[in-house]
Amino acid sequence: MPFYDFHCNQCDKGFTLRRKLEEMDDPAACPACGSGETQRQISVFYATNTGTSTAAASSPKTTVRHI
């Protein structure tokens, strides 16, 4: 499940909730003050691949045989 960032308009605090994709726009109560006056914030997702690739994944001449 993805994480979503919210901002409370009442106490001006931010918080993060883990929710299902279909629940991302549902109302969220602020955990600090309990207010329902919150807004979901735009979040940035950034991923990198720092691992090394295998010969089978990186070589276009690799042949896979199913027995």
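Residues numbered from 1 in each chain as written. Predicted model: local features only at pLDDT ≥ 70, side-chain atom pairs only at ≥ 80, totals over all residues. Heavy atoms only, no water.

Student: Honestly, the overall build of the chain in this entry has me stumped. Any pointers?
Tutor: Within the chain, the secondary structure is distributed over one helix and three strands. Walking the chain from its N terminus toward its C terminus, one meets helices and strands in the order β-β-β-α. Restricting to contacts in the chain with at least 6 residues of sequence separation, those with at least 24 account for 28%. For the chain, the accessible surface area stands at approximately 5900 Å², while carbon and sulfur atoms represent 52% of it. (Helix = DSSP H or I, 4+ residues; strand = E, 2+ residues; numbered from the N terminus. Contact = heavy atoms within 4.5 Å. Areas by Shrake-Rupley, 256 points an atom, 1.4 Å probe, with all protein chains shown as cover.)

Student: Would you mind going over the confidence of the model for the chain with me for this structure?
Tutor: Atom-level detail of predicted coordinates should not be read off regions where pLDDT is low. Here the chain shows a mean pLDDT of 81. Residues at 70 or above account for 66%. Mean pLDDT across the secondary structure elements of the chain bottoms out at helix α1 (residues 55–58), with 52, and peaks at strand β3 (residues 38–40), with 96. (pLDDT = per-residue confidence, 0-100.)

Student: How do you make sense of the pattern of salt bridges when you look at a structure like this?
Tutor: A side chain with one charge may pair with a side chain of the opposite charge, provided their charged atoms come close. Across all of its chains, the model carries one salt bridge by this definition. D25 is the salt-bridge partner of R40, the closest N and O atoms lying 2.9 Å from each other. With a gap of 15 residues between them, R40 in strand β3 and D25 in the loop between β2 (14–18) and β3 connect regions that are remote in the sequence. (Salt bridge = Lys/Arg side-chain N within 4 Å of Asp/Glu carboxyl O.)

Student: I keep staring at the packing of aromatic side chains and nothing clicks. Help me out?
Tutor: Any two aromatic rings considered together are summarised by their centre-to-centre distance and by the angle between their planes. Counted by the stated rule, this structure contains one aromatic pair. Arranged with centres 5.5 Å apart and planes meeting at 10°, the rings of F6 and F15 form a pair that is stacked. (Phe/Tyr/Trp six-rings, centres within 6.5 Å; stacked < 30°, edge-to-face > 60°.)

Student: Would you explain the nonpolar core in this entry?
Tutor: Across soluble globular proteins, you tend to see nonpolar side chains buried next to one another. With six residues, the main nonpolar core is built from Y4, F6, C8, F15, A28 and C30. No other element matches strand β1 (residues 3–8), which puts three residues into this core. (Core = buried A, V, L, I, M, F, W, Y, C linked by side-chain atoms within 4.5 Å. Buried < 20%, exposed > 50% of the residue type's maximum accessible area, 1.4 Å probe, protein only.)

Student: Explain the sheet that holds β3 to me, please; I cannot follow it from the model alone.
Tutor: Sheets are built from strands paired through backbone hydrogen bonds, the pairs being either parallel or antiparallel. Taken together, three strands build an open sheet; the order of strands is β2-β1-β3 and the sheet is antiparallel. Since the sheet does not close on itself, it has two edges, and those belong to β2 and β3, each with one partner. If you compare each strand with its neighbour and ignore which way they point, the axes differ by 35° on average. In this structure, β1 lies alongside β3, joined through three bridges in antiparallel fashion. Opposite C8, over in β3, you have T38 as the bridge partner. (Pairing = 2+ DSSP bridges. Axes fitted to C-alpha atoms, helices over the stretch in contact; angles between N-to-C directions.)

Student: Honestly, the environment of G34 in this entry has me stumped. Any pointers?
Tutor: Inspection of the secondary structure assignment puts G34 in the loop between β2 and β3. Along the sequence, G34 and C8 sit 26 residues apart, while their C-alpha atoms lie 9.3 Å from each other.

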